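# Report on the structure
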Amino acid sequence: MILWQTLRFAVGGLAANKVRSALTMLGVLIGVASVILLLAVGNGSSQAVKDSITSLGTNSLTVSAGSAAGGSRSVSSVKKLTVADAKALATDADSSAIKSVAPVVTTSATALYGNVSYTPGSVVGTYPAYFETSNQKVAHGEYFTDDDVLGSRKVAVLGATTAKQLFDTEDPVGKKIVLGGTPFTVVGVLQAKGGSGFTDPDDVVIAPLPTVQNAFTGFGAVNQILVQASSADTTTAAQSEITRVLLGTHAIADPSKADFRITNQASLLTARESTTRTFTVLLGAVAAISLLVGGIGITNIMLVTVTERTREIGIRKALGAPRAVILGQFLTESTLLSVIGAGLGVAAGIVGSHFSIVGIKPVVIPASVLGAFGIAVAIGLFFGSYPANRAASLRPIDALRHE
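In this report, we go over the structure that sits alongside the text. Note that the structure is a prediction, hence the values are computed from the model and not measured.

What counts, and where the lines are drawn
- Residues numbered from 1 in each chain as written.
- Predicted model: local features only at pLDDT ≥ 70, side-chain atom pairs only at ≥ 80, totals over all residues.
- Heavy atoms only, no water.
- Axes fitted to C-alpha atoms, helices over the stretch in contact; angles between N-to-C directions.
- Helix = DSSP H or I, 4+ residues; strand = E, 2+ residues; numbered from the N terminus.
- Parallel < 35°, antiparallel > 145°, perpendicular 65-115°, else oblique.
- Left-handed = near helix turned anticlockwise from the far one by under 90°.
- Contact = heavy atoms within 4.5 Å.
- Nonpolar A, V, L, I, M, F, W, Y, C, P; charged D, E, K, R; others polar.
- Core = buried A, V, L, I, M, F, W, Y, C linked by side-chain atoms within 4.5 Å.
- Buried < 20%, exposed > 50% of the residue type's maximum accessible area, 1.4 Å probe, protein only.
- Phe/Tyr/Trp six-rings, centres within 6.5 Å; stacked < 30°, edge-to-face > 60°.
- Salt bridge = Lys/Arg side-chain N within 4 Å of Asp/Glu carboxyl O.
- Pairing = 2+ DSSP bridges.

Attention now moves to the packing of helix H11 (residues 323–352) against helix H12 (residues 366–392). Following both chains from N to C, one finds H11 and H12 inclined at 150 degrees, their axes separated by 7 Å at the closest point. As far as their axial angle goes, H12 and H11 are roughly antiparallel. In this structure, H11 meets H12 at a crossing whose hand is right-handed. Between H11 and H12, the contacting residues are Arg323, Ile326, Leu327, Phe330, Leu331, Ser334, Thr335, Ser338, Val339, Ala342, Gly343 and Val346 on the first element and Val369, Phe373, Ala376, Val377, Gly380, Leu381, Gly384, Ser385, Ala388, Asn389, Ala391 and Ala392 on the second. For the contact of H11 with H12, the residue count by class is 15 nonpolar, 8 polar and 1 charged.

What follows concerns the nonpolar core. Val63, Leu89, Ile225, Val227 and Ile242 are the most contacted members of the largest nonpolar core, which has 58 residues in total. The contacts of Ile225, once residues within four sequence positions are left out, are Leu61, Thr62, Val63, Leu81, Thr82, Asp85, Ala86, Leu89, Val101, Ala102 and Pro103. Core analysis: the second largest hydrophobic core is formed by 23 residues, Ile36, Ile326, Ala372 and Ala391 among them.

With that settled, the discussion passes to the packing of aromatic side chains. All told, the structure shown has 4 aromatic pairs when counted by the stated rule. Aromatic side chains Tyr130 and Phe131 sit 6.0 Å apart centroid to centroid with 80 degrees between the ring planes, which places their arrangement in the edge-to-face category. Ring geometry for Phe131 versus Phe144: centroids 5.2 Å apart, planes at 70 degrees, classification edge-to-face. Placement of Phe131 in helix H4 (residues 129–133) and of Phe144 in the loop between strand E6 (138–141) and helix H5 (146–150) is noted, with a sequence separation of 13 residues between them. Considered together, Phe131 and Phe144 belong to a single accessibility category, that of buried residues. What links up through ring pairs into an aromatic cluster is the set Tyr130, Phe131, Tyr143 and Phe144.

Position of Thr182 among the secondary structure elements: in strand E9 (residues 182–190). Excluding its chain neighbours within four sequence positions, the residues that come into contact with Thr182 are Lys154, Ile177 and Ala215.

Applying the stated criterion across every chain, the model contains 5 salt bridges. Glu132 serves as the salt-bridge partner of Lys99, at 2.9 Å between the closest nitrogen and oxygen. Highlighted residues: Lys99 in strand E2 (residues 98–107) and Glu132 in helix H4, separated in sequence by 33 residues. Judged by its relative accessible area of 49%, Lys99 falls in the partly exposed class.

On to the environment of Ser64, then. Following the sequence through the fold, Ser64 ends up in strand E1 (residues 60–65). What makes Ser64 buried here is its relative accessible area of 12%. Spatially, the C-alpha atom of Ser64 lies 8.6 Å from that of Lys80, the residues being 16 residues apart in sequence. Ignoring any residue separated from it by four or fewer positions in sequence, one finds Ser64 in contact with Leu81, Asn223, Gln224, Phe260 and Arg261.

Quick look at the pairing of strand E10 (residues 204–208) now. For E10, the tally of buried residues reaches 5 of 5 residues, placing the bulk of the element in the interior. As defined by bridge partners, strand E5 (residues 122–126) adjoins E10 across 5 bridges and the pair is classed as parallel. In the strand pairing of E10, Gly125 is matched with Ala207.

In structure tokens:
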């Protein structure tokens, strides 16, 4: 009965000042919703980066020209990567951890189809092994083949974005496009992978390497060499084998003077996850400040409430209300403010997570929902304890004399 009466008095006290109570709960609501949403944005960003990297395949390695250790070799002295390097990797008898190799050149060109003109993000010249190594799956049509490479045929596979821009709803397979003045026949369209950054991996045209070299880049160095390890567990061994072979083809005896870099997707994923985890923690810390501000707001409102109701407190104490009842009433009021505000904040945070924020799809962390709610309630108890204790400590005679 005493508990029910305390709760009833607390609800009545909050209802007597509806606007003030609503504003206090709004502060808690914003704090809780901020924690949930900002942590969800950080988690969504982390997930987007992870998906982007893993879409390349965790057993994929990228070899590019340049000093791995940031050495002092001049640009002119660094030997560029060539098709011969890729062939050496593909044909090395001792490279058991290497499954496939694909040299890559990239350039740009404007594509024409009918009266539609569009410049894709990149034009890639490579071998058929590129598709498996980079985890590119065909949605319509087929990949170009080794025979297309040997014959330098003018065939192309389009990314989903490029196909949409050039053909809209029309099926591109079998159609001809003019790419940088050279006609190409579209043999396939890739499945959409989606982008999580400034570049769109689906905005691409992929064609046989000799064809692109002949039409655009010339038969010189390649930009990269993609290597697929036999499995995710053999990427380290594959990296060692790549280093051994390329040191030989580049005539370098000291591994510390290597003029190429090898990027392991698995290690890149670990580094990016660590970075985004730190980013998420920082977002959570910023959002936690909102909760703290909400707690300070509860203290201020409850202090004002105690001051306004001093005579009421004096009357109740004069009629025999014990200290615990007065203390319980004001603690209940502050806790109700935080509980209702936190509950509304949870709802607002979950609803808000269904919308993209700065281009990122938030992914709610269940622990953040429970944690934000629990912390908000604890803040209500903590910051409400001082005003409640002050009210309970008033002497009846002093309270009755208060104007």
